Amino acid sequence: MARFVMMYHQGDTPEEPTQETMDSWMSGFRSLGDAVVDMGSPFLGSTTIAPGGEATEGSGPHPATGYTVIEAADMEAAAALAGGCPGLASGGSVRLYEAAQMG
């Protein structure tokens with residue numbers, strides 16, 4: 001099995017998520033079952049570091065808002081799992097990355 005990082009990019013999400021939003025996300029995680037390697041977490045803030053080392057607050061347009069690591073047979077199977085992400089219903093997206101197996 002390969003590992004994949006599901007990188008969330010949220011659409012319309014309030015600053016303080018409602019209980020309904022949290023319940024939707026937890027239900028989404030439960031539906032992934034044993035595929036979840038690391039449930040991950042939401043991101044709170046960001047800083048971008050330029051090649052010269054200059055730090056700028058923020059991450060530009062369409063920032064990542066969280067991640068989850070899953071296992072799947074291949075990219076197609078991982079994409080099928082990612083397609084159930086609750087954030088998609090609010091205009092968000094998921095970028096899926098296959099993680100190289102090291103060691």
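Below is a summary of the structure that appears in this document.

Parameters at a glance
- The residue numbers shown here count from 1 along each chain, following its written sequence.
- Restriction of local features to residues with pLDDT of at least 70 applies here, the model being predicted, together with a cutoff of 80 or more for giving and counting side-chain atom pairs; totals for whole chains, interfaces and linings are based on all residues.
- Neither water nor hydrogens contribute to the side-chain values; these are computed over all heavy atoms in the structure.
- Residues are said to line a cavity or pocket when one of their atoms sits within 4 Å of a point; the points come from a 1 Å grid over protein atoms alone, cavities being sets where a 1.4 Å probe fits but cannot get out and pockets being open sets with protein on both sides within 12 Å along at least five of seven lines.
- Grid points are joined across faces, edges and corners, and a volume is the space filled by probe spheres set on the points.
- Each helix is a run of H or I in the DSSP string that is no shorter than four residues. Each strand is a run of E no shorter than two, and both are numbered from the N terminus.
- Each residue gets one label: Ala, Val, Leu, Ile, Met, Phe, Trp, Tyr, Cys and Pro are nonpolar, Asp, Glu, Lys and Arg are charged, and the others, such as Gly, are polar.
- We define a polar contact as two N or O atoms separated by no more than 3.5 Å, with the added condition that, inside protein, one atom must be a possible hydrogen donor and the other a possible acceptor, whereas residues neighbouring each other in sequence contribute only through side-chain atom pairs.
- The contact criterion used is simple: two residues touch if any of their non-hydrogen atoms lie within 4.5 Å.

**Observations concerning empty space enclosed by the protein**
Then, number 1: Within the structure shown, the criterion is met by 1 cavity of 30 Å³ or more.
Then, number 2: Computed from the structure, the largest cavity encloses a volume of approximately 60 Å³.
Then, number 3: Forming the walls of the largest cavity are Met6, Tyr8, Trp25, Gly28, Phe29, Ser31, Leu32, Leu81, Gly84, Cys85 and Pro86.
Then, number 4: The set of elements that each furnish at least two residues to the lining of the largest cavity consists of β1 (2-9) and α1 (19-32).
Then, number 5: Among the elements that take part in the lining of the largest cavity, α1 stands out by supplying 5 residues, more than any other.
Then, number 6: Residues of the lining of the largest cavity, tallied by class, amount to 8 nonpolar, 3 polar and no charged.

**Quick look at the side chain of threonine 68**
Then, number 1: Here threonine 68 is to be found in strand β5 (residues 66-72).
Then, number 2: A distance of 2.6 Å separates the side chain of threonine 68 from the side chain of tyrosine 8, its partner in a polar contact.
Then, number 3: Residues within four places of threonine 68 in sequence aside, it is in contact with Phe4, Val5, Met6, Tyr8, Phe29, Val36, Asp38, Met39 and Gly40.

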